[in-house]
Amino acid sequence: VVAKTGKRNQLLVLLLQKRNDEALKLSKQLPDEEATTHYLRAICLNRTNDPAEAYKELKKSFDMDPSLKETAKVDGDVNDLLSMDK
């Protein structure tokens, strides 16, 4: 039901189901002008073992919406990437 309400929600359901490769593929269909897209793409990339690209996407999300940094600090899907900042 939730997945039918939009691609972002569909992606979130895929992530909940640990269907990470499918989620990554779907993340490429989300609008690039939204910070949330890059944040979710970072999660997908990190889960599919591409931390360098995940870091780039996470940084892009922060550039677009600095408030996402606080979210990332407590998000187990991306907080390990924050150490790449140093």
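For the structure itself, look to the data block above.
Since this is a predicted model, take the numbers as computed values, not measurements.

Let's talk about the environment of L24
Thought 1: One can find L24 in helix α2 (residues 20-27).
Thought 2: The class of L24 is buried, set by a relative accessible area of 14%.
Thought 3: Sequence separation between L24 and R41 is 17 residues, and the spatial gap between their C-alpha atoms is 6.5 Å.
Thought 4: Apart from residues no more than four positions distant in its own chain, L24 is found in contact with C44, L45 and T48.

Brief notes about the pattern of salt bridges
Any two side chains of opposite charge can pair if their charged atoms end up close together.
Thought 1: In total, this model carries seven salt bridges according to the counting rule given.
Thought 2: One salt bridge in this structure joins R19 and E22, with 2.7 Å as the shortest N-O distance.
Thought 3: What makes R19 partly exposed here is its relative accessible area of 35%.
Thought 4: The structure contains a network of salt bridges with shared partners spanning D32, R41 and E57.

As for the environment of E70
Thought 1: Structurally, E70 is set in helix α5 (residues 68-73).
Thought 2: C-alpha of E70 to C-alpha of K60: the two residues are 10 residues apart in sequence and 15 Å apart in space.
Thought 3: At 3.0 Å, the side chain of E70 forms a polar contact with the side chain of K73.

Cut-offs and rules
- Residues numbered from 1 in each chain as written.
- Predicted model: local features only at pLDDT ≥ 70, side-chain atom pairs only at ≥ 80, totals over all residues.
- Heavy atoms only, no water.
- Helix = DSSP H or I, 4+ residues; strand = E, 2+ residues; numbered from the N terminus.
- Buried < 20%, exposed > 50% of the residue type's maximum accessible area, 1.4 Å probe, protein only.
- Contact = heavy atoms within 4.5 Å.
- Salt bridge = Lys/Arg side-chain N within 4 Å of Asp/Glu carboxyl O.
- Polar contact = N/O pair within 3.5 Å; in protein donor to acceptor, adjacent residues only side chain to side chain.

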